[in-house]
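# Structure at a glance
The lines below spell out each chain.
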Amino acid sequence: MTFKDLPFLINPRLRLSSPYLRVEWIAIDLSLLEHEAGFPSPNREVYLFQKRPGILRETGPDTLRFYYSDSTDFNRLGIQQWLRGQIKKFVEQVASAVLPVRLHELEREKKLHCRNVCVETLPKDILGQCSSLKDITLSPKLALFPKRMSDAVMLHELAHLRHLNHRKGFWAYLSVLLGEDANEEKFKSDIAYCEHRDMIDFLLK
Ligand SMILES: [Zn+2]
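Please read these numbers as outputs of a predicted model, since none were measured by experiment. (Residues numbered from 1 in each chain as written. Predicted model: local features only at pLDDT ≥ 70, side-chain atom pairs only at ≥ 80, totals over all residues.)

## Points about the environment of Cys118
Under the convention used in this document: Each helix is a run of H or I in the DSSP string that is no shorter than four residues. Each strand is a run of E no shorter than two, and both are numbered from the N terminus.
Assignment of secondary structure puts Cys118 in strand 6 (residues 116-119). Considered as a pair, Cys118 and Pro100 are 18 residues apart in the sequence and their alpha carbons are 7.0 Å apart.

Spelled out as structure tokens, the structure:
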């Protein structure tokens, strides 16, 4: 892969926020960046370019902060790969913490019970799965979706606890859970046209 092949450029213009997390960009002087980079800590990592700090990453429970300076050159493959790796790791960490909690809330609300829930990367177009053993798997991408949409995916998987198919009865039951008509086409197009869907797929590939 070359720099030109990247479908999205990750730089301070990238606005990434969801109900569960956000990415912040903070411009500081190079001298301050170099100074700060001298204080290692478990929630920090420095990207070095030509042996000098290019970016400092700091992670909080729901925030990923990138400190950069005027001399940070975002137009390089190395820095782009590093940034994507940092964002992916962060989203996966937050997703593993928050998505099961939300699923359990919805379970209690709808009086449904799965056997187990886990968060792990699924093939590109799959956002959730429910097995015949009542194990639910959720894609970490859901942590970047609007809440209405991530909830809809979770309710879809919970509806499979009653109907392990996509026949009429399933869509009727899902409509009850959602409190709105959940015909198949509408559901598919909602997810497919989710704003930033291509970028989410790219970041979490
Ligand atoms: Zn389904």
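From this point, the narrative continues.
## Observations concerning the domain arrangement of the protein chain
How we decide: All domain edges in this entry derive from an automatic or database-based domain assignment. Side-chain classes follow a simple rule in which Ala, Val, Leu, Ile, Met, Phe, Trp, Tyr, Cys and Pro form the nonpolar group, Asp, Glu, Lys and Arg form the charged group, and the remainder, Gly included, forms the polar group.
For the protein chain, the assigned domains are domain 1 (3-92) and domain 2 (98-203). Class assignment of the residues belonging to the side of domain 1 that touches domain 2 gives a composition of seven nonpolar, one polar and three charged.

## Description of the sheet that holds strand 6
To be explicit about the condition: Two strands make a pair as long as DSSP finds a minimum of two bridges between them. Helix axes are fitted to C-alpha atoms over the stretch in contact, other axes to C-alpha atoms as well, and angles between N-to-C directions run from 0 to 180 degrees. A pair of residues counts as a contact when their C-beta atoms, built from backbone coordinates, are separated by no more than 7 Å.
In space, the three strands of this open sheet follow the order 6-8-7, with mixed pairing throughout. Two strands bound the open sheet, and with one partner strand each, they are strand 6 and strand 7 (128-130). Averaged over all pairs of adjacent strands, the angle between their axes in this sheet comes to 15 degrees, without regard to strand direction. Along the sheet, helix 2 (residues 77-110) contacts strand 6 and strand 8 (135-138); its crossing angle with strand 6, the most-contacted strand, is approximately 150 degrees. Lying over the sheet, helix 3 (residues 147-159) contacts strand 7 and strand 8, oriented at roughly 15 degrees with respect to strand 7.

## Description of the packing of helix 3 against helix 4 (residues 168-178)
To keep it simple, the criterion reads: Here the word oblique covers every angle except those under 35 degrees (roughly parallel), over 145 (roughly antiparallel) and from 65 to 115 (roughly perpendicular). Less than a right angle of anticlockwise turn of the near helix away from the far helix marks a crossing as left-handed, whereas a clockwise turn marks it as right-handed.
Running from N to C, helix 3 and helix 4 point in directions that differ by 130 degrees, and their axes come no closer than 9 Å. Between helix 3 and helix 4, the angle falls in the class oblique. Of the two possible hands of crossing, helix 3 and helix 4 adopt the one that is right-handed. Here helix 3 contributes Ala152, Leu155, His156, Leu158 and Ala159 to the contact with helix 4, which in turn contributes Phe170, Tyr173, Leu174, Leu177 and Leu178. Classifying every residue of the contact of helix 3 with helix 4 gives nine nonpolar, one polar and no charged.

## Topic: helix 2
Note the following rule: To estimate the expected span of a helix, subtract one from its residue number and multiply by 1.5 Å. Two axes enter the bend calculation: one fitted to the seven residues ending at the residue in question, the other to the seven starting there, and the bend is the angle between them. Residues are called buried when their C-beta atom has 20 or more other C-beta atoms within 10 Å, exposed when it has 12 or fewer, and partly exposed otherwise; all C-beta atoms are positioned from the backbone.
A rise of 1.5 Å per residue sets the reference length of helix 2, with its 34 residues, at 50 Å; its end C-alpha atoms lie 47 Å apart and thus fit the reference within 8%. At Ala95, helix 2 shows its maximal bend, which comes to roughly 35 degrees. Restricting attention to buried positions, one finds in helix 2 the residues Ile79, Leu83, Ile87, Phe90, Val91, Val94, Ala95, Val98, Leu99 and Leu103. Lys111, located one to two residues past helix 2, shows a positive phi value of around 55 degrees.

## Observations concerning unusual backbone geometry
The phi torsion at Gln50 lies on the positive side, around 50 degrees, for a residue other than glycine. By the element assignment, Gln50 lies in the loop between strand 3 (44-49) and strand 4 (52-59). Gln50 sits in the exposed class, given 6 other C-beta atoms within 10 Å. With a phi close to 65 degrees, Lys51 is a non-glycine residue in the positive phi region. Summarising the element assignment, Lys51 is placed in the loop between strand 3 and strand 4. Lys51 sits in the exposed class, given 5 other C-beta atoms within 10 Å.

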